[in-house]
Amino acid sequence: MTLPALRSMLLILPLLAFSSASVKAQAVPSSTVKDPLFQTISSLDTALFDAVNRCDLEKLGTFMTDDLEFYHDKTGLAVGKQDFLEKTKKNLCGKVTRELVPGSMEVYPLNGYGAVEIGVHRFHHPGHEDTMSVGEAKFIHIWQHKDGTWKISRVISYDHH
């Protein structure tokens, strides 16, 4: 092997090692069902959407901070818990139900604040499954853990189709 070829190989090897490490890092799940934070957020997600699906707005309000910001790719920004609850009543109650797409939830800690939940959810139209398509969207929930209570402070709901 010539000296220039050896030099080229020595320059490429670290890049290959870095590239391989990057691929492995991306393949590692962010959290598992055994992780306590994942279990907490998963339980909260279930209770949250049980309230949405039953149109229990009083219970739903307990999951939101008063200064909630809800970013939606189709309807824009809703600010405040009350605005969110009114839009939920108008647009979701009795019209759709939500289910989390199995295996789509990821949970990451936000040091000193709470957690971020990322996932995909599917919306059904009760009583109209044969005539209306099921919709899916991606979501990000920012959960604030304050005074022993978990509440959502920010939501991004996007890629509705």
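Residues numbered from 1 in each chain as written. Predicted model: local features only at pLDDT ≥ 70, side-chain atom pairs only at ≥ 80, totals over all residues. Heavy atoms only, no water.

Visitor: In this structure, what is going on with helix α4 (residues 81-91)? I would like to understand it.
Guide: Count 3.6 residues to each turn of an α-helix, and residues three or four apart come out pointing the same way. Taken as a whole, α4 has its buried residues at K81, F84, L85 and T88. Buried positions in α4, seen along its axis, are confined to an arc of 95 degrees and lie on one side of it. In α4, the exposed positions that point more than 90 degrees away from the buried face belong to Q82 and K90. Looking at the buried side of α4, the elements it contacts are α3 (57-61) and β1 (64-72). (Buried < 20%, exposed > 50% of the residue type's maximum accessible area, 1.4 Å probe, protein only. Helix = DSSP H or I, 4+ residues; strand = E, 2+ residues; numbered from the N terminus. Arc of directions from axis to C-beta. Contact = heavy atoms within 4.5 Å.)

Visitor: For this particular structure, what's the right way to read the environment of H124?
Guide: Looking at the element boundaries, H124 is found in strand β5 (residues 114-124). In this structure H124 touches K95, V96, T97, E99 and V134, once residues within four positions along its chain are discounted. Within the structure, the side chain of H124 is placed 2.6 Å from the side chain of E99, a separation counted as a polar contact. (Polar contact = N/O pair within 3.5 Å; in protein donor to acceptor, adjacent residues only side chain to side chain.)

Visitor: Even after reading the chapter, I still don't get helix α2 (residues 36-53), so can you show me in this structure?
Guide: For α2, spanning 18 residues, the distance from its first C-alpha to its last is 26 Å, which sits close to the expected 26 Å at 1.5 Å a residue. Buried residues of α2: F38, I41, L44, D45, L48, F49, A51 and V52, and no others. Around the axis of α2, the buried residues are gathered within 155 degrees of arc, so they sit on the same side. Away from the buried face of α2 by more than 90 degrees, exposed residues P36 and T46 are located. Backbone geometry just after α2 places C55 at a positive phi near 55 degrees. (Expected span 1.5 Å × (residues − 1).)

Visitor: Explain the pattern of salt bridges to me, please; I cannot follow it from the model alone.
Guide: Side chains that differ in sign of charge can pair as their charged atoms come close. Across all of its chains, the model carries 10 salt bridges by this definition. Note that K138 is salt-bridged to D159, the shortest N-O span being 3.5 Å. With a gap of 21 residues between them, K138 in strand β6 (residues 135-146) and D159 in the segment after β7 (149-158) connect regions that are remote in the sequence. Several salt bridges share partner residues, and in doing so they unite D50, R54 and D56 into one network. (Salt bridge = Lys/Arg side-chain N within 4 Å of Asp/Glu carboxyl O.)

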